[in-house]
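Chain by chain, the residues run as shown.
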Amino acid sequence: MFQNLLSLFCFVLAPLYFLYVCVQYLSPRAATVFNRKQSTPKAEYIQNIMAESDQAPSFDKPRLVVNKVLARAQQESAGGIFRRCIGRSELKFLDPFLMFVDFSLTPPSGFPDHPHRGFETVTYMLQGGLIHQDFAGNKGTIRTGDVQWMTAGRGIIHSEMPAGEGPSKGFQLWINLASKDKMTEPSYQELLTEEIKRAQEDGVEVRVIAGESMGVRSSVYTRTPTMYLDFTLNPGAQVHQKIPESWNSFAYIIEGEGVFGSSNSSPVAIHSLLVLGPGDGVSVWNRSSKKLRFVLIGGQPLNEPVAQYGPFVMNSQAEISRAIEDYQYFKNGFELARSWRSQ
């Protein structure tokens, strides 16, 4: 019996104990000899991965959020529900942007016949449709995902009414024109949803309405240089978008919540408009369990005087008075208004 136990110790237990001692003694030294790092604790490893994932590209001057406006729903005279973001007391103007509104229209509400002069309107449909008519005989319907980029120029009268029974939802952006372009002839650029260029990578999808993103450039011509991007980020995704340093820019959250500007900022939720400060790019992270969708819009400031009276935007009060007179007496761009009514 004793001989059996002695054999077990000598030939089994003793070698195992010797191997254990060698491993404990040599493992740090072996790591040094072979230039290997010792294992990292699991919690520290996870923190390292998160830190690496939050690292932004080398923007010389990252844009941070300098103002936040919550767009509350209001019912206005047109009969629809509006969330006015730019063109309100807290944010009257963000050169070159005169207005940005999130709208929902249900018949019989809408925008009946009304004039414009001196700027552009960009209508982006998220749901439903909008029927457009103008005094030059143009008529059409833009539907979910479509864009109409209208240059009012020297003058136009048109109507915009919801199509169908359900709600028609979307955005309308007003972009100021430089003094040299204010009296240009009216024109349209319309993009059907399938014509809008897209890019997708690493859980990020972008629809490039104007400008450039992720190697894709829009075909839209912008008299006032403008970018208009519609981003969707899957949970855990991030995007780093360049913006010309001299431009003003903002983001508006359509769905979900995201972290904008700085990785340690608090998440911002739906219906918030974020004005971005100066810099050459912005970073956005989706740390939630749901999709994040937002538009990122930027434009080159005109740095010109702005005189506005409702749908007329010029550079001086004298020019506003002239626009009102032209509209009332059907001249200088409003000649076709004398006998026109939308159908």
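Above this text is the structure in question.
Below: a short report on this structure. (Residues numbered from 1 in each chain as written. Predicted model: local features only at pLDDT ≥ 70, side-chain atom pairs only at ≥ 80, totals over all residues. Heavy atoms only, no water.)

So, on to the environment of L91. Position of L91 among the secondary structure elements: in the loop between β3 (81–86) and β4 (97–105). Since its relative accessible area comes to 9%, L91 is described here as buried. Along the chain, L91 and V275 lie 184 residues apart, while their C-alpha atoms are 9.6 Å from each other. The contacts of L91, once residues within four sequence positions are left out, are N67, V69, C85, I86, L273 and V275. (Helix = DSSP H or I, 4+ residues; strand = E, 2+ residues; numbered from the N terminus. Buried < 20%, exposed > 50% of the residue type's maximum accessible area, 1.4 Å probe, protein only. Contact = heavy atoms within 4.5 Å.)

Here D146 is to be found in the loop between β8 (139–143) and β9 (147–151). Buried D146, no salt bridge; nearest opposite-charge side chain is R143, N-O distance 6.3 Å. Engagement of the side chain of D146 in a polar contact is seen with the backbone nitrogen of T193, the distance being 2.7 Å. If near-sequence neighbours (up to four positions away) are discounted, D146 is found in contact with T123, Y124, M125, L191, L192 and T193. (Lys, Arg positive; Asp, Glu negative; His and termini not counted. Salt bridge = Lys/Arg side-chain N within 4 Å of Asp/Glu carboxyl O. Polar contact = N/O pair within 3.5 Å; in protein donor to acceptor, adjacent residues only side chain to side chain.)

With that out of the way, let us pick up the sheet that holds strand β18 (residues 238–242). Hydrogen bonding along the main chain pairs the strands of a sheet, whether they run parallel or antiparallel. One open sheet holds the four strands; their spatial order is β18-β23-β20-β21, and the pairing between them is antiparallel. Strand pairing shows two members of the sheet lacking a second neighbour, β18 and β21 (268–269), which therefore form its edges. (Pairing = 2+ DSSP bridges.)

By convention here, two paired aromatic rings are described through the distance between centres and the angle between planes. Evaluation of the coordinates by the stated rule reveals 13 aromatic pairs. Centroid distance F260 to F294: 5.2 Å. Interplanar angle 80 degrees. Geometry classified as edge-to-face. Here F260, found in strand β20 (residues 257–260), pairs with F294, found in strand β24 (residues 292–299); they are 34 residues apart in sequence, far enough to count as distant. Looking at F260, the relative accessible area reads 3%, which means it is buried. On the basis of relative accessible area, F294 is assigned to the buried category, the value being 1%. Taken together through their ring pairs, the aromatic side chains of F97, F100, F171, F250 and Y252 make up a single cluster. (Phe/Tyr/Trp six-rings, centres within 6.5 Å; stacked < 30°, edge-to-face > 60°.)

Topologically, E212 is positioned in strand β15 (residues 212–213). Under the relative-accessibility criterion, E212 is labelled partly exposed at 36%. Sequence separation of E212 and K242 is 30 residues, and the distance between their C-alpha atoms is 9.1 Å. Setting aside chain neighbours within four positions, we find E212 in contact with R217, L229 and Q241. Within the structure, the side chain of E212 is placed 2.7 Å from the side chain of R217, a separation counted as a polar contact.

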